[in-house]
Amino acid sequence: MASRYDRAITVFSPDGHLFQVEYAQEAVKKGSTAVGIRGTNIVVLGVEKKSVAKLQDERTVRKICALDDHVCMAFAVITIFIGLTADARVVINRARVECQSHKLTVEDPVTVEYITRFIATLKQKYTQSNGRRPFGISALIVGFDDDGIPRLYQTDPSGTYHAWKANAIGRSAKTVREFLEKNYTEDAIANDNEAIKLAIRALLEVVQSGGKNIELAIIRRNQPLKMFNAKEIELQVTEIEKEKEEAEKRKSKKST
Amino acid sequence: MAATFFGEVVRAPCRAGTEEEEEEEEGRRETPEDREVRLQLARKREVRLLRRQTKTCLEFSLLEKHPCSRFIIAIGSNAVAFLSSFVMNSGVWEEIGCAKLWNEWCRTADSTHLSPTEAFCVFYQLKAHHSVILCQCSCYVAEDQQYQWLEKVFGSRPRKNMQVTILTCRHVTDYKTSESTCSLPSPFLKALKTENFRDQTCCSLLEQPNIVHDLPAAVLSYCQVWNMSAVLYLCYTDVMKLDLITVEAFKPILSSRSFKGLVKNIPQSTEILKKLTTTNQIQSNIYT
């Protein structure tokens with residue numbers, strides 16, 4: 001029975017489960033949906049923005065944040081953490097310190113893979129220590145390395161990390177991932193604009209109130225991070241809806 | 001005596017007789033005060049079925065007063081939202097009663113305008129066709145109140161020629177499987193039926209160990225005992241709050257016999273559902 005082996009993080013169950021780590025993955029599903037896409041010349045991060053309480057300052061609810069950027073802002077690494085907010089804040093701070101420490105020590109900015117590995121190692125430590133619980137967060141980390149290749153990594157509470165072409169985390173992540181599997185084609189990501197539209201379309205599968213509840217950030221090769229404002233997202237959403245209507249008209253013409 | 005994990009020493013129960021038995025007997029005798037407290041608690045936890053407008057109690061059980069051939073019960077916010085958007089907009093429904101109850105987890109709301117966040121249990125009848133009764137139950141009915149609820153709704157001799165359909169949701173982690181919950185295609189539907197239910201279910205049956213809990217289980221057991229035809233559609237989801245995708249997972253049920261003639265305008269229903277799910281979307285500060 002799960003209940004006998006799920007009270008302490010450092011106890012395996014007879015069939016090899018670490019239940020606390022699996023329960024931490026459930027905590028991630030309570031957060032909003034986030035999607036990351038790796039294009040040919042662009043990386044896109046989008047997240048569902050839920051409304052805040054009336055008296056709460058919306059600016060304090062930023063989800064996409066930079067882990068590191070150069071003086072020339074060309075090699076930014078941005079990330080989004082989904083799950084327990086407080087855990088996310090702590091890990092982001094540690095990752096930022098590590099980015100600077102790396103720069104001071106070896107005089108080079110971190111690669112996306114390095115910082116992902118650092119975050120994953122940190123998370124793994126908390127699945128093996130006595131008296132601590134795992135971090136209840138998953139992260140999508142994107143950026144460009146020195147060699148100009150775009151990268152997208154995902155970490156989860158167990159401390160594993162993998163590179164992805166496109167992925168989603170948080171609430172209803174499975175639905176979004178299935179959408180991405182169907183629609184992620186080489187054509188879709190060759191064009192920057194198409195990659196952005198794919199991210200927004202994926203989010204619209206699960207975001208209930210359209211473009212105004214989406215936060216989007218992109219990095220193009222050799223360009224600084226760009227956060228989309230509400231108007232730009234609305235424009236993309238309108239284009240997507242137009243394309244959908246035209247596709248449906250073409251379908252109905254074909255069938256008649 | 002036994003020590004718990006936290007170091008407290010507790011009295012372990014002993015089935016063999018002990019010398020302290022006589023002392024215990026005295027202690028167990030109820031004082032008038034205890035009796036009074038127990039009666040007050042029982043009164044507080046009583047389930048009452050009322051006509052909401054007049055606030056008078058129904059003298060007979062609900063289904064004795066309003067016999068029907070189809071009784072559809074939605075338990076939980078997602079099931080309630082499904083009925084509200086897909087079934088209740090297809091005709092004029094009049095309210096025939098509501099259940100008022102109190103327990104540690106819920107106090108049913110008193111107001112006439114109910115918001116999706118409040119707990120309530122209301123019964124509706126289709127005006128044009130008195131043969132269908134709906135129950136929207138978004139409150140938690142505790143174990144000691146379930147039998148009272150069943151008696152007040154079904155009565156002591158329920159009609160056998162009525163078909164009961166129950167809709168509810170559970171968290172996907174309740175689904176017993178050797179696979180990891182991450183690989184399950186949640187939300188998904190499973191069905192559990194009584195022996196007398198002869199129709200085809202709209203989804204696969206719940207596999208062994210097919211355990212269900214709370215009020216849906218109580219209703220299903222009651223129907224089985226009284227040889228009534230009943231089916232429970234259980235949606236396993238990873239989002240227990242009101243969620244568009246979870247509610248839409250109930251859609252296959254619309255083609256079943258229980259819902260024949262009750263569903264008219266699906267696009268409008270989808271709009272109503274979207275409105276319902278967006279009214280209550282304040283971000284929790286704990287989860288980002």
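Residues numbered from 1 in each chain as written. Chains lettered and ligands numbered in written order. Predicted model: local features only at pLDDT ≥ 70, side-chain atom pairs only at ≥ 80, totals over all residues. Heavy atoms only, no water.

Colleague: Provide a residue-level description of the environment of I75 of chain B, including the pertinent values.
Modeller: All names here are of chain B. Mapped onto the elements of the fold, I75 is located in strand 5 (residues 70–75). In this structure I75 comes out as buried when scored by relative accessible area, which is 9%. If we skip the residues at most four places from it in the chain, I75 touches C137, I166, L167, T168, C169, L215 and P216. (Helix = DSSP H or I, 4+ residues; strand = E, 2+ residues; numbered from the N terminus. Buried < 20%, exposed > 50% of the residue type's maximum accessible area, 1.4 Å probe, protein only. Contact = heavy atoms within 4.5 Å.)

Colleague: Before we move on, can you summarise the sheet that holds strand 5 (residues 137–144) of chain A with the specific residues and values?
Modeller: Residues and elements named next belong to chain A. Reading across the sheet, the five strands line up as 3-4-5-6-7 and stay open at both edges, with antiparallel pairing between neighbours. The sheet is open, and its two borders are formed by strand 3 (64–68) and strand 7 (161–163), each paired with just one other strand. When strand polarity is set aside, the average angle formed by the axes of neighbouring strands in this sheet is 25°. The pairing of strand 4 (residues 77–83) with strand 5 spans seven bridges and is antiparallel. Along strand 5, the bridge assignment pairs G83 with I137. Strands strand 3, strand 4, strand 5, strand 6 (150–155) and strand 7 of the sheet are contacted by helix 3 (residues 112–125), whose axis makes an angle of about 165° with strand 5. (Pairing = 2+ DSSP bridges. Axes fitted to C-alpha atoms, helices over the stretch in contact; angles between N-to-C directions.)

Colleague: Requested: an account of a negative patch on the surface, with residues and values cited.
Modeller: Residues E234, E241, E245, E246 and E248 of chain A make up a contiguous surface patch of negative charge. Within the secondary structure layout, E246 of chain A lies in helix 7 (residues 230–255). (Patch = residues over 30% accessible without salt bridge, like charges linked within 9 Å, V, L, I, M, F, W, Y side chains within 5 Å. Areas by Shrake-Rupley, 256 points an atom, 1.4 Å probe, with all protein chains shown as cover. Salt bridge = Lys/Arg side-chain N within 4 Å of Asp/Glu carboxyl O. Lys, Arg positive; Asp, Glu negative; His and termini not counted. Charge placed at Lys NZ, Arg CZ, Asp CG, Glu CD.)

Colleague: Can you break down the packing of helix 2 (residues 85–106) of chain A against helix 3 of chain A residue by residue, with the values?
Modeller: The relative placement of two packed helices comes down to the angle between their axes together with the axis-to-axis distance. Residue and element names in this part refer to chain A. Helix 3 packs onto helix 2 with a crossing angle of 135° between their chain directions and a minimal axis gap of 10 Å. Relative to helix 3, the element helix 2 lies oblique. Here helix 2 runs over helix 3; the crossing is right-handed. Judged by residue contacts, V91, R94, A95, E98, C99 and H102 of helix 2 engage Y114, I115, F118, I119 and L122 from helix 3. Split by residue class, the contact of helix 2 with helix 3 holds eight nonpolar, one polar and two charged. (Parallel < 35°, antiparallel > 145°, perpendicular 65-115°, else oblique. Left-handed = near helix turned anticlockwise from the far one by under 90°. Nonpolar A, V, L, I, M, F, W, Y, C, P; charged D, E, K, R; others polar.)

Colleague: Talk me through unusual backbone geometry; I want residue IDs and the actual numbers.
Modeller: Note on backbone geometry: most residues besides glycine have negative phi, and most peptide bonds are trans. Here the residue pair S186 of chain B and P187 of chain B is connected by a cis peptide bond, since its omega of 0° sits within 30 degrees of zero. Note on placement: P187 of chain B falls in the loop between strand 11 (163–171) and strand 12 (188–193). Cis geometry is adopted by the peptide bond preceding P209 of chain B, which originates at Q208 of chain B and carries an omega value of -5°. By the secondary structure assignment, P209 of chain B is in the loop between strand 12 and helix 6 (214–225). Even without glycine at this site, N222 of chain A takes up a positive phi of about 60°. Residue position: N222 of chain A is located in the loop between strand 9 (214–220) and strand 10 (226–227).

Colleague: Kindly report on the interface of chain B and chain A, identifying the contributing residues and their values.
Modeller: Contacts between the two partners involve 22 residues from chain B and, on the opposite side, 26 residues from chain A. Of the roughly 2200 Å² buried between chain B and chain A, counting both surfaces, carbon and sulfur atoms make up 50%. Run the count over chain B and chain A and you get one salt bridge. Of the charged contacts, one joins D243 of chain B and R171 of chain A as a salt bridge, the two residues approaching to 2.8 Å between their closest N and O atoms. Run the count over chain B and chain A and you get seven residue pairs in polar contact (both at pLDDT 80 or more). Breaking the side of chain B that touches chain A down by element, the ones donating at least two residues are helix 7 (244–248) and helix 8 (266–278) of chain B. Ranked by the residues each element gives to the side of chain B that touches chain A, the list is headed by helix 8 of chain B, at three residues. (Buried area = accessible area lost by both parts, 1.4 Å probe. Polar contact = N/O pair within 3.5 Å; in protein donor to acceptor, adjacent residues only side chain to side chain.)

Colleague: Would you mind going over the pattern of salt bridges in detail, with residue names and values included?
Modeller: Counted under the stated rule, the structure contains 21 salt bridges over all chains. Put simply, K174 of chain A and E178 of chain A hold a salt bridge, and the shortest N to O gap is 3.8 Å. Remark: E178 of chain A and K174 of chain A occur in helix 4 (residues 173–183); sequence separation between them is four residues, near one turn of the helix. Among the residues examined, K174 of chain A registers a relative accessible area of 25% and is labelled partly exposed. With relative accessibility at 38%, the residue E178 of chain A sits in the partly exposed group. The partner of E104 of chain B in a salt bridge is R45 of chain B, and the shortest N-O contact between them spans 2.9 Å. Here R45 of chain B lies in the loop between helix 2 (32–44) and strand 3 (48–51) and E104 of chain B lies in the loop between strand 7 (102–103) and strand 8 (106–107), a separation of 59 residues in the sequence. Look at E104 of chain B and you get partly exposed, because its relative accessible area is 45%. In this structure, a network of salt bridges that share partners links the residues E194, K197, E239 and E243 of chain A.

Colleague: Explain the packing of helix 4 of chain A against helix 6 (residues 192–204) of chain A to me, using residue names and the numbers behind them.
Modeller: Residues and elements named next belong to chain A. Direction vectors running N to C along helix 4 and helix 6 enclose 145°, while the axes themselves pass 9 Å from each other. Pair helix 4 / helix 6 crosses with right-handed handedness. Here V176, F179, L180 and N183 of helix 4 come into contact with helix 6, specifically with L198, R201 and A202.

Colleague: Could you give an account of the environment of C65 of chain A, with specific residues and numbers?
Modeller: Residue and element names in this part refer to chain A. As for its position among the elements, C65 is in strand 3. For C65, a relative accessible area of 14% gives the class buried. Remark: the alpha-carbon pair of C65 and F81, spanning 16 residues in sequence, is separated by 8.9 Å.

Colleague: Run through the nonpolar core, naming residues and quoting values.
Modeller: All names here are of chain B. In terms of nonpolar packing, the biggest core is built from 47 residues, with F71, F123, W149, F154, V164 and V219 touching the most fellow members. When residues in this core are grouped by element, the largest group, seven residues, is from helix 6. Not counting residues within four places of it along the chain, the set of residues in contact with F71 comprises L63, F123, I133, L134, C135, V153, F154, M162, Q163, V164 and T165. In this structure, V80, C98, V122 and L254 belong to the second largest nonpolar core, which totals 38 residues. (Core = buried A, V, L, I, M, F, W, Y, C linked by side-chain atoms within 4.5 Å.)

Colleague: Help me get a handle on the pairing of strand 9 of chain A, residues and values and all.
Modeller: Residues and elements named next belong to chain A. With six of seven residues buried, strand 9 is to be regarded as a mostly interior element. Bridging between strand 2 (residues 42–48) and strand 9 involves seven bridges; their strand directions are antiparallel. Paired with E48 across the strands is I214, a residue of strand 9. Two elements, strand 9 and strand 10, share two bridges in a ladder whose sense is antiparallel.

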